[in-house]
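# Observations on chain architecture
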Amino acid sequence: MAEDFFKYLVSPKTGLSLKEISGQLVTEDKKECFAIQHGVANLLDKDRLGAEERHEIDVFNGMEIQNVSYFRRSLFERIERYINSFLSETLKCRKDYFLIAEFGGGEGHWARFMQEKFPEATVFVCDLSHKTLERAPASLRRVCADITRPIFNKNSISLASFWVSLHHLKKNSRYKALEEVVRFLVEDGILLIFEPNEKFWPRQVMYRSRLSRDVYPDEQEQAVDFSDVATMAESLGLTKIATCFLNPPYNPKFIRKLKKWVFYLFAVEFLYIFDRWIMEPLLGGLLINNQRSFKKYFTLYGLSIYKKKRLVPNE
């Protein structure tokens, strides 16, 4: 592993930059030291974790379904094409300083796809669960950390993502996580948020039914109100590029690992086909600005893309 493999990381306690020395991450004043274990940078201060964070660690350490993506590759490809169109050429041309980070990424399925599409980029995946990160590819910069605390140098990340992760945080923690990401992002940097949609009413029924045990590993599972996220993001200085709602193509390999998988496979495939062939022509498709607002009541997921405002001199 190169000595600068974990360049751009900072201490979650003081925000001081870290440098790798003899297999550890150390601040310049040598007062703080963080271990690198099994190729994962461990920035987690377990003594400062609250009940919410400890619960999430227990949930993901105990995950029975492993090493399989929720979604088919076609979803990743479709979303990446749109993101690529919003990334400025200035950012993409900075090959020595083009950083991508997935927050709450676990096994890093989205991060590894982005690494494939942007081989010149430095790609990080951050998560609370060290055990889950160990299953992510070693080519990714894997960081065990609380995403509501400092992780990266200010103005260092070009593309940040919450890919089915922000919904695991309670509202106050979501704001803190977004606040940190805004600090990490470079000017014109992009934030992508892809999360379960709270307004899809069958999901609320599922949460209260016995079927929730088949689908959700976390009994505290909650979806995202994208209006609330927009209010938070815009208050932190982000400009919304687009928000849309969709039924994604689930990965059959993942669905088959669930109890009653035949029922769930039929349900998600029906919703996906209904979205692509009926709702999109009528109500608007992925990142279409004129997508009808009431489509959110018929779709499992929402997708928002934000850009960090360019600073104006003397503003």
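Residues numbered from 1 in each chain as written. Predicted model: local features only at pLDDT ≥ 70, side-chain atom pairs only at ≥ 80, totals over all residues. Heavy atoms only, no water.

## A short note on the nonpolar core
Counting 52 residues, the largest nonpolar core has Phe71, Ile79, Trp110, Trp163 and Phe194 as the members making the most contacts within it. In contact with Phe194, not counting residues within four places along its chain, are Phe71, Leu75, Ile79, Phe162, Trp163, Val164, Leu246, Pro248, Tyr301, Gly302 and Leu303. Core analysis: the second largest hydrophobic core is formed by 43 residues, Leu18, Phe34, Ala145 and Leu238 among them. (Core = buried A, V, L, I, M, F, W, Y, C linked by side-chain atoms within 4.5 Å. Buried < 20%, exposed > 50% of the residue type's maximum accessible area, 1.4 Å probe, protein only. Contact = heavy atoms within 4.5 Å.)

## Points about the packing of helix 6 (residues 171–184) against helix 9 (residues 226–235)
Relative to each other, helix 6 and helix 9 sit at 40°, their axes nearing to 10 Å. Looking at the two axes, helix 6 sits oblique to helix 9. For the crossing formed where helix 6 meets helix 9, the hand is right-handed. Taken together, the residues of helix 9 that come into contact with helix 6 (itself represented by Lys171, Arg174, Tyr175 and Leu178) are Asp228, Met232 and Ser235. Here the contact of helix 6 with helix 9 is composed, by residue class, of 3 nonpolar, 1 polar and 3 charged. (Axes fitted to C-alpha atoms, helices over the stretch in contact; angles between N-to-C directions. Helix = DSSP H or I, 4+ residues; strand = E, 2+ residues; numbered from the N terminus. Parallel < 35°, antiparallel > 145°, perpendicular 65-115°, else oblique. Left-handed = near helix turned anticlockwise from the far one by under 90°. Nonpolar A, V, L, I, M, F, W, Y, C, P; charged D, E, K, R; others polar.)

## Topic: the state of the cysteines
Under the definition given, this model contains 0 disulfides. Here Cys126 stays free of any disulfide, with the sulfur of Cys144 as its closest cysteine sulfur at 9.7 Å. (Disulfide = S-S within 2.5 Å.)

## Points about the packing of aromatic side chains
If you walk through the whole model with that rule in mind, you get 25 aromatic pairs. Residues Phe76 and Phe113 carry aromatic rings whose centres are separated by 5.4 Å and whose planes lie at 50° to one another, so their mutual orientation is tilted. With Phe76 in helix 2 (residues 73–86) and Phe113 in helix 4 (residues 109–117), the pair connects residues that are 37 residues apart, well separated along the chain. Judged on exposure class, the residue Phe76 and its partner Phe113 are both buried. Relative to Phe245, the ring of Phe226 lies with its centre 5.6 Å away and its plane at 80°, an arrangement referred to as edge-to-face. Separated by 19 residues along the polypeptide, Phe226 in helix 9 and Phe245 in strand 10 (residues 238–246) bring together distant segments of the chain. (Phe/Tyr/Trp six-rings, centres within 6.5 Å; stacked < 30°, edge-to-face > 60°.)

## With respect to the pairing of strand 8 (residues 157–163)
When you tally the buried positions in strand 8, you get 7 out of 7 residues, the bulk of the element. Note that strand 5 (residues 99–103) and strand 8 share 3 bridges and pair parallel. Along strand 8, the bridge assignment pairs Ala101 with Ala160. Crossover handedness for the path strand 8 to helix 6 to strand 9 (residues 185–196): right-handed. (Pairing = 2+ DSSP bridges. Right-handed = clockwise from strand over helix to strand, strands pointing away.)

## Quick look at the pattern of salt bridges
Applying the stated rule across the entire model yields 10 salt bridges. For the salt bridge of Glu180 with Arg183, the shortest nitrogen-to-oxygen distance reads 3.2 Å. With Glu180 and Arg183 both in helix 6 and 3 residues apart, this pair spans about one turn of that helix. Overall, Arg183 belongs to the partly exposed group, its relative accessible area being 28%. Taking the shortest distance from any N to any O, the salt bridge between Lys199 and Asp225 comes out at 3.7 Å. Pair noted here: Lys199 is in the loop between strand 9 and helix 7 (201–207) and Asp225 is in the loop between helix 8 (212–215) and helix 9, with a separation of 26 residues, a long-range link. Residue Lys199 is classed as partly exposed on the basis of its relative accessible area, which comes to 29%. For Asp225, a relative accessible area of 13% puts it in the buried group. (Salt bridge = Lys/Arg side-chain N within 4 Å of Asp/Glu carboxyl O.)

## A closer look at the pairing of strand 6 (residues 122–127)
Among the 6 residues in strand 6, 6 count as buried, and that is most of the element. Of the two faces of strand 6, the one lined by Thr122, Phe124 and Cys126 and the one lined by Val123, Val125 and Asp127 are each fully buried. Where strand 5 meets strand 6, 5 bridges bridge the pair, whose relative direction is parallel. Among the inter-strand pairings, Ile100 is bridged to a residue of strand 6, identified as Val123. Taken together, strand 5, helix 4 and strand 6 form a β-α-β motif whose crossover is right-handed. Two elements, strand 6 and strand 7 (residues 141–144), share 4 bridges in a ladder whose sense is parallel. Within the sheet, the bridge partner assigned to Cys126 lies in strand 7 and is Val143.

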